[in-house]
Amino acid sequence: MDGNYEDLSLIHLWMEKENSRPACFSCALDNRDGWRNFSVDSHLASGSLKRLLLRLDPSPTDYEEDTVEIFGFHWVTEIALVESCRLLFGLLRQHIHKLENLVQMSSSDFGQAANLHSEAGNIRHQCIVFLHYVKVFIFRYLESHTTEDDGLLHPYEELEVQLPSVLVEELHALTLHIGHLYELPSSILGAFTIQHQAKLFPPSWHLLHLHLDIHWLVLEILHVLGEKMLRQIVYAHQFMNLTGENLTNISLFEAHCGNLFCDLISLSINKYTKVRPSEALISHHYPCSCIKELWVLLIHLLDHRNKGSHTESFWSWVNKLLKKVFERPSTAEGMSVFEPVQCKDPLSFSWWIITHLASLYQFDRNGNVEEKKQVESNWNFVEELLKRSIDAQAAVLEEQIRMHLQCCLTLCSFWDLNLPTVTILWEYYSKNLNSSFTIPWLGLKGLASVSKTPLSMLKLVKSCCSDQQSPDLYKSSNSYLIFLCILAQMMKEAMENNVTHPWKQIKGRIYSKFHQKRMRELTEVGLQNFFNLFLVLAAIAETEDIASRVLDLLDFLSPTSISTSQRALIWRGYFAFLLMYIEKNMDISVLAEKLSHAFCEKAKEFLVTKNDPTHKQNLWTPLSTYIDGVQEAFETSCYLNLSQEKLLNDGFSMLLPACRGTELNMVLNFLQVVLSRLKSVHKRVIQGPQLGNTGPNTQLPLVAKEHHLAVASALWRNFFPFLKSQRMSQTLPPPQLADSAAGFTLLALDMPCTAPSDLQPQPVLAMMQLFGWDDMVCPQLVSRYLSHLIQNSALSETFSGMGHTSYEALSVRSWFRCILLMYIDQPTGTLTRTDTERAVGKVYVEQLTEMTRLVFKLSEVENIFSKAHFEDSIFKQDPKNALVQFIKAVGIAYSGLQTVAEKSAMVTKTLEYLGDVVKYVKPYLQKKGPPEGLQLTYSIIGGLVKYWAPILATSKAQQLLFRIIDSLLLPLVVFQQDKELPAVMLSAIRENLPLYLQGLSFICCQSQTQGAYLNQLLGSVIQQYFGRFLPPSPSSPGIGQHPMLLALCNSITIPQTLHLRKTTAHVIKENYLQFKGNSPPPRLASVLAFILQVFQRTKSTEVCDIELLLPAVLKCMILVNETQVKKLSSEILQYMVEGCQAGSGGEPATQLTSVFRQFIQDYTTVYDHQVYSILEVVAVLDQPLVMSLIPTITQSLKDSEHKQGLGRNTAQRYILYYYCFLSLNNRGVFS
């Protein structure tokens, strides 16, 4: 165990020696440094400075042994310096010289870098060890002797008595030997730029830092010597200065200190030559951290000595040396102290270095940052700098003044309150308020900007009052704003310390500069600077008093001499004060009334000014400023309980009717913000304070609600009448109109009592009827308005509570109307649309898409889709397609109902969905366009007729059906032969006519009332449009796309198909197959081609076809010799005969036989050859049919012979035998 203890003691001893390395300057990074600002070996971090100032042993763990190794020799620790002082200092100079030689010998050979680094480091270490030994020796072993003991002294004691003087002499010689830092060659000074991360340093780096060590250690040794000698003056016997005075330890300390300051300032001047004014605060004055440490050491040492012996303080030294920087070589005293290093801008340099030196006061004796440390100020010298900076004769540029004041602002954060600083600056800026304080080369950033909004003005002032200044202050703020920052900081410090005298003094000096003449001299920039100044004062001190003073000062201005931009700026300034009131929870009545009155006057002038656009534009500038200000007042208020309602005056009721375009959009946007803000704040207030909250805001809801009611009443009174008047405007209203109307609807929902009397007693319902359900309101407005409200649960609950069950149905009706009228604003006469028209159309489609999505979420609509088994999600993107699918779903849902009561209720609800659909589309029909609108109209309503046919067949809906047919298909113009429907309308009818025909035919089959009239309507439609869409010849394109052909081929039910086919056949027979004598009807071939297409596509023959069409076809075969007609007729005959044959008897076959009998009777007498030829063709198709006709043929022949009275007609009998009987015989009939 004893052995272990012995090992531990040795380890501790070794560690103690390892850690007792002498303090030195080092900017090389070390793992031991960690987060420290300085190296662990530094004079600060090692505690060397602290021990020095506390008069403690400089190195308590060093030089404890009997001998000490210095410069490679062993010396007796307690007597070496007494006996060999000059020798040791001589060795020191030799080692310095040796290191200098090593610098000269060094090369760029990296292979020698490690050796050179090690050797140079060793030399420096030996020099530092010696100087530390001197310091320790003085502290431990030097004794102070009195002169009375001179005769009794031992020779050693005599040497000991002389040691202080010898030390002063040697230290003086040492300082002369090393000279000034700035005199070192550039190759050595360049070592400051070596990266601190390096591991190997050249000899020049070691030599440079050795110079720093020596400079500082000389001061330390002289300080310790003075303390040890009980502050007695130590004379150097062999030296006198140039004036004949003896050299002493005190004079040497001061001389060396002055030289060191010169060196450090010279280095800083060199550094400053590369510093831009905008980067002054982030560009340090020291080339490396060792110089920074040296400055900190000087601060502590000199201020410590100043307190103990009233010697010059650190700032006194700096001021004395900086004053010499301002000297020129041509001064009376001769050469300047800094002649070797000339400073081009001594004023800016002085600001720069003082600011950075002031920041070093935050480091304590151990090198740690101490933020709340009491700092010695240097205001007196700074005041002199300020006077130089603003001296008119010096003509200092704005770019320099900014940097100077930025430094001054930084000093304000370090030092205590200093009122003369503000006074000096105010004297300058009060005379230059109209200056913009710009820097040309900064471009737009450097230009003086007048705040665009009250909030930006207030934010600018807040930034001036902020404790944390922007790092980009130089570029973002001019010198005047930096002055305001200084003013704010001084005032805040006075307020925090409850010192009222500085504030009264500042206020008095500022107020005294403003009088009527001065106020009228202010330009727009001057007014901006005026407001910035007083806003800063109000932000920190007596807000109400300062605002009142501002109002009084602005009353000095003559209304006639104020420009438009100045008036707008004054209003922004007012609003900036108003926003500050709101921020400080102060009532704004006084400011609001003054602003409100001015706004009303200008709004009235704006209303009556009609024919002078320039004047209106000038008036709009302050008016828009007022609107922006009121908006910001509402947006920044937490509770709207500070009389904000006074800002919403009747000036708006005069302004709105006079606004156009962007002006109106701006006012409506503002209105939306106010409505939204009132809603959200009112909701938060009525929820009340949280449970358990008994703070001062518990009574707030009662007060706030009163103000909210006042705000709402002002909105209804001054804004709503205009909205109401614009809902039926002939021009397209701005979308903000709908947004504002929706906001008023929600306001009526939240505060119904505030709505005007004409909306009572149910203001919400009245609003919906005005803007959402009225068929006269612009569809764009309706769709946007309802999109805000359809899914509002509170609104739905309100309607349910009042028993209004048609809320959803009426919303669906409006949606229906909005889609139908989606093209209503497109021009009808142009084929191409402008970019603006396309953009507006695209916006409306997007709006309808959103409305469709919301409508499909209504419970009634979801229920319909559910019953129809439709997936509604696939139709939400395209409004037109969505509407078609909704129509189909309603029809399917109706068809699925069982009871009469359910069907009756569904019909009522459906008609409620639909509304007066004819009225909706009437504008399209009247304008005969645009094509897209007509196409949409005919397709949607055609879908209604087809898919809602069971509904329209009911007595409740038939009147609507009749109106649809009369308006869309049978307008008066179709019956006027001298007029024709426009091509775009005919095109729309052509594409959608099948829907109408199919629906009408279904209704004709289903309707139990008005059947005859419905059939007449159907026949009229067919009659009017069959010929219109019939091509002139069968070879023309489009015969196969005839709308009636499509309707006949695509019908759904058999009764519907038969009825439509029969009606069509009847119309064709009566109107398109009637011969005038023997002359065929026009376009006969096309008519026959149509009939043939019907047979070809339907693959069937009906009784009505035979009854109505076959006689005419047979007649064509008899009377028309045109090849095309004969061919078509033959094909039709073949289809009919084969169709009856496929039917295997029954009514078609009977009817076919009947038609042929009548045909034989009518035409055999005159056209026997043609009749027999036709029968021959029929015999090929249907022998039994012809055989059944033989008696009729024979009788017809006999009647013909009898009528002629000539007996047997052998020729005719032969023809009959040849064409018919022989044909039948060839087929084995008579064999």
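A quick note: this is a predicted structure, and the numbers were derived from the prediction, not measured.

Of the volumes computed, that of the largest pocket is approximately 1,300 Å³. A class-by-class count of the residues in the lining of the largest pocket yields 20 nonpolar, 17 polar and 13 charged.

Applying the stated rule across the entire model yields 65 aromatic pairs. Ring centres of F799 and Y807 lie 4.7 Å apart, and the angle between their planes is 20 degrees; this geometry places the pair in the stacked category. Here Y807 falls in the buried class, since its relative accessible area comes to 4%. Note on Y938 and Y996: the rings are 6.3 Å apart at their centroids and 65 degrees apart in plane angle, and the pair reads as edge-to-face. Taken as a pair, Y938 in helix α39 (residues 931-947) and Y996 in helix α42 (residues 983-1006) lie far apart in primary sequence, 58 residues in all. A single burial state applies to Y938 and to Y996, both of which are buried.

Another aspect to go through is the environment of L1189. The residue L1189 is located in helix α52 (residues 1183-1204) in this model. A relative accessible area of 0% means that L1189 is categorised as buried. Sequence spacing of L1189 and T1153 is 36 residues, and the spatial spacing of their C-alpha atoms is 7.5 Å. With near-sequence residues (within four places) excluded, L1189 lies in contact with T1153, F1156, R1157, I1160 and L1175.

Counted according to the given criterion, the structure contains three cavities of 30 Å³ or more. Empty space within the largest cavity amounts to approximately 90 Å³. Every residue along the wall of the largest cavity is listed here: L1048, R1061, T1064, A1065, I1068, F1090, I1091, V1094, F1095, D1105 and L1109. Elements with a contribution of two residues or more to the lining of the largest cavity: α45 (1054-1072) and α46 (1084-1098). Residues of the lining of the largest cavity, tallied by class, amount to eight nonpolar, one polar and two charged.

Among the secondary structure elements, S740 is positioned in helix α29 (residues 735-750). Other than its neighbours up to four places away in sequence, S740 contacts L668, L671, Q672, L675 and L723.

Here we come to the state of the cysteines. What makes a disulfide is a covalent bond joining the sulfur atoms belonging to two cysteines. One pass over the full model with this rule turns up zero disulfides. Cysteine C1005 is unpaired, with the sulfur of C1004 as its nearest cysteine sulfur at 6.7 Å.

Applying the stated criterion across every chain yields a total of 31 salt bridges. Between R93 and E170 there is a salt bridge; the shortest N-O distance is 3.1 Å. Taken together, the positions of R93 in helix α3 (residues 80-105) and E170 in helix α5 (residues 155-178) put the pair 77 residues apart, joining distant regions of the chain. Here R276 and E279 are joined by a salt bridge, their closest N and O atoms 3.9 Å apart. Looking at R276, the relative accessible area reads 56%, which means it is exposed. Its relative accessible area of 29% is what places E279 among the partly exposed residues. Overlapping salt bridges bring together R86, R93, E169 and E170 as one network.

Definitions and limits used
- Residues numbered from 1 in each chain as written.
- Predicted model: local features only at pLDDT ≥ 70, side-chain atom pairs only at ≥ 80, totals over all residues.
- Heavy atoms only, no water.
- 1 Å grid on protein atoms, 1.4 Å probe; cavity = no way out; pocket = protein on both sides within 12 Å on 5 of 7 lines; lining within 4 Å.
- Points joined across faces, edges and corners; volume = space filled by probe spheres on them.
- Nonpolar A, V, L, I, M, F, W, Y, C, P; charged D, E, K, R; others polar.
- Phe/Tyr/Trp six-rings, centres within 6.5 Å; stacked < 30°, edge-to-face > 60°.
- Buried < 20%, exposed > 50% of the residue type's maximum accessible area, 1.4 Å probe, protein only.
- Helix = DSSP H or I, 4+ residues; strand = E, 2+ residues; numbered from the N terminus.
- Contact = heavy atoms within 4.5 Å.
- Disulfide = S-S within 2.5 Å.
- Salt bridge = Lys/Arg side-chain N within 4 Å of Asp/Glu carboxyl O.

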